[in-house]
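Residue-level structural notes
Take a look at the letters that make up each chain.
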Amino acid sequence: MNPLREAAWPPLDPERRRALATLFRGVAGAAVLGGLHGCGGGGASGDTPSPEPAPPPAPTPSPPPSAPIAAQMSVPTPVGYDADRLAAFDRLNGIRLSAGLGMLAQSPSLDQAAQAHAAWIIANDSFAHVETAGTRGFTGAHWWDRAEAAGYVPIEGEELMAGPTHGAAGVDALVNSVYHRAGILAFEPVDVGIGWAGGSAADVSMPLVLEVTRPGTDPARAVGQSAQASIAGVCVWPTDGAVDVPLRLGNESPNPVPTHDVATLGLPVSLITDEETTIVVESFVVSEATSGIALPGQILTGANDPNSLLPRSFVAFVPLAPLSAGTACRVDFTGTATGFLTGVQRAVQRSWTFTTTSA
């Protein structure tokens, strides 16, 4: 399977995001004000005209939300999905809930954009995020262009693709990688669109397309959602106590450790916090639980990522060899998470275990 990721857009910092949320409220207020018209009366000719009544005070726009909405623990049942897209939707939200995050709701507009791009991939035999104007089925160059063309205005997010695969297996391929996992496990998105094409071309087949984002037209949901309280602001993967954990990363593009063949890399272990924080690693050790032998690996952060795709809130340990089958692994992490708006720093210490698949 070949997962592919396009970097998030737009690269909005929290101040820009809040300003945009304020703008949407301001536009709504202006529309109300624009509908008001004054009318004055006049006396008989020669009389001093009566002063025009003072206009009513303009409504004060509500301030943008100061915090994300609570984690979405339930969302409406999707409408119009075939079995493959429904399986992908259920697996995506099952992963997020098990990791201590909120669910993503179906967006028909994002579905339309994702489905159009999946069809474009097959029509043009090109497993690529960027469409070229004039090509068959073109609906927009980048995923955000295609989302807007379908009626959804995104404020940050990303497009994740995998193939040849379908249903839950496609989502598993994404979460078992590095860059795609950062998108799957981001705290803040609230909506998802899912596209899947079952056809084949000469070089590509069965592409799965996920659009994960937030709506700029809804100020409250545009700020995003928080994680569940149970994880205390730090999401880990594989989760504590997980079993049947895969042994390998898979065929991720781009390769997160380009000095090694991607096919030889083990399954990544990761932590992610909310996007307004920067993680700094002090120690990140993955070892075999019984022997205590530490595994060789590459630690990736937003600061040293060779492909400049990781957010500063995400850190991964990528084993330089596949994990051993049927083995319990222990993870010990020590570091700090610093809010880059507030400057508030907090210690992050996590230890947990998981067991790999025996196959």
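Placed above this text is the structure.
These notes cover the structure that comes with them.

Calculation criteria
- Residues numbered from 1 in each chain as written.
- Predicted model: local features only at pLDDT ≥ 70, side-chain atom pairs only at ≥ 80, totals over all residues.
- Heavy atoms only, no water.
- Helix = DSSP H or I, 4+ residues; strand = E, 2+ residues; numbered from the N terminus.
- Contact = heavy atoms within 4.5 Å.
- Areas by Shrake-Rupley, 256 points an atom, 1.4 Å probe, with all protein chains shown as cover.
- Pairing = 2+ DSSP bridges.
- Axes fitted to C-alpha atoms, helices over the stretch in contact; angles between N-to-C directions.
- Core = buried A, V, L, I, M, F, W, Y, C linked by side-chain atoms within 4.5 Å.
- Buried < 20%, exposed > 50% of the residue type's maximum accessible area, 1.4 Å probe, protein only.
- Parallel < 35°, antiparallel > 145°, perpendicular 65-115°, else oblique.
- Left-handed = near helix turned anticlockwise from the far one by under 90°.
- Expected span 1.5 Å × (residues − 1).

Some thoughts on the overall build of the chain
Counting secondary structure elements, the chain contains seven helices and 13 strands. Nonlocal contacts in the chain, meaning residues at least 24 apart in sequence, comprise 74% of its contacts between residues at least 6 apart. In the form shown here, the chain has an accessible surface area of approximately 15,600 Å², with 57% of it arising from carbon and sulfur atoms.

Describing the sheet that holds strand E11 (residues 314-319)
Spatial ordering of the open sheet is given by E6-E8-E11-E10, a layout of four strands whose pairing is antiparallel. Edge positions in the open sheet fall to strand E6 (235-237) and strand E10 (297-301), since each of these has one partner strand only. Pairwise comparison of adjacent strand axes, ignoring direction, gives a mean angle of 10° for this sheet. Inspection of the sheet shows E6 paired to strand E8 (residues 269-272) by three bridges, in the antiparallel sense. Each bridged residue has a counterpart across the sheet, and for Val-236 the counterpart in E8 is Leu-271.

Here's the deal with the nonpolar core
With 43 residues, the main nonpolar core has Val-178, Ile-184, Leu-185, Ile-194, Leu-210 and Cys-235 as its most contacted residues. Put simply, the parts of the chain that give this core at least two residues each are helix H2 (83-98), strand E3 (154-162), helix H5 (167-175), helix H6 (179-184), strand E4 (191-196), strand E5 (208-215), E6 and E11. Setting aside anything within four residues of it in sequence, one finds Val-178 in contact with Leu-249, Glu-252, Pro-256, Pro-268, Leu-300, Leu-310, Phe-314, Ala-316 and Val-318.

Focus: the pairing of E4
Burial runs high along E4: six of the six residues are buried. Here E4 shows a buried face lined by Asp-191, Gly-193 and Gly-195 and a second buried face lined by Val-192, Ile-194 and Trp-196. Pairing geometry for strand E2 (residues 105-106) and E4, over two bridges, is parallel. For Ala-105, the partnering residue across the bridge sits in E4 and is Asp-191.

Observations concerning unusual backbone geometry
Of note, the bond from Gly-163 into Pro-164 is cis; its omega dihedral lies within 30 degrees of zero at -5°. Along the chain, Pro-164 turns up in the loop between E3 and H5. Cis geometry marks the peptide bond from Trp-237 to Pro-238, where omega comes out at -5°. Considering the arrangement of structural elements, one finds Pro-238 in the loop between E6 and strand E7 (242-245). You will see that Ser-308, though not glycine, has its phi angle at about 55°, which is positive.

Digging into the pairing of E11
By the criterion of burial, E11 is predominantly enclosed, with six of the six residues buried. The alternating pattern of E11 places Phe-314, Ala-316 and Val-318 and Val-315, Phe-317 and Pro-319 on opposite faces, both of which are buried. Note that E8 and E11 share four bridges and pair antiparallel. In the sheet register, Val-269 faces E11, and the bridge partner there is Phe-317. Taken together, the five bridges between E10 and E11 define a ladder with antiparallel strand orientation.

With respect to the environment of Leu-92
Mapped onto the secondary structure, Leu-92 falls in helix H2. Between the alpha carbons of Leu-92 and Val-192 there is a distance of 9.6 Å; along the sequence they are 100 residues apart. In this structure Leu-92 touches Leu-104, Val-171, Ile-184 and Val-192, once residues within four positions along its chain are discounted.

A closer look at the sheet that holds strand E9 (residues 277-288)
Strand order across the open sheet formed by four strands is E7-E13-E12-E9, with mixed pairing between neighbours. Whereas interior strands pair on both sides, the edge strands pair on one side only; in this sheet they are E7 and E9. Put simply, the sheet's adjacent strands are angled 30° from each other on average, direction ignored. By the bridge criterion, two bridges tie E7 to strand E13 (residues 345-356) in an arrangement that is parallel. In the strand pairing of E13, Ala-242 is matched with Phe-354.

Considerations on the packing of H2 against H5
In contact at an axis separation of 6 Å, H2 and H5 are set at 40° when each is read in the N-to-C sense. Classed by the angle they form, the pair H2 and H5 counts as oblique. At the point where H2 passes H5, the crossing takes the right-handed sense. Where H2 approaches H5, its residues Asp-84, Ala-87, Ala-88, Arg-91, Leu-92 and Ile-95 are matched on the opposing element by Gly-167, Ala-168, Val-171, Asp-172 and Val-175.

Quick look at helix H3 (residues 108-124)
If you check H3, its first and last C-alpha atoms are 24 Å apart, about what 17 residues at 1.5 Å a residue would give, namely 24 Å. For H3, every residue scored as buried is listed here: Leu-110, Asp-111, Ala-113, Ala-114, His-117, Ala-118, Trp-120, Ile-121 and Ile-122. The elements touched by buried residues of H3 are H2, E2, helix H4 (143-149), E3, E4 and E5. Where H3 terminates, the next one or two residues include Asp-125, which has phi positive at roughly 50°.

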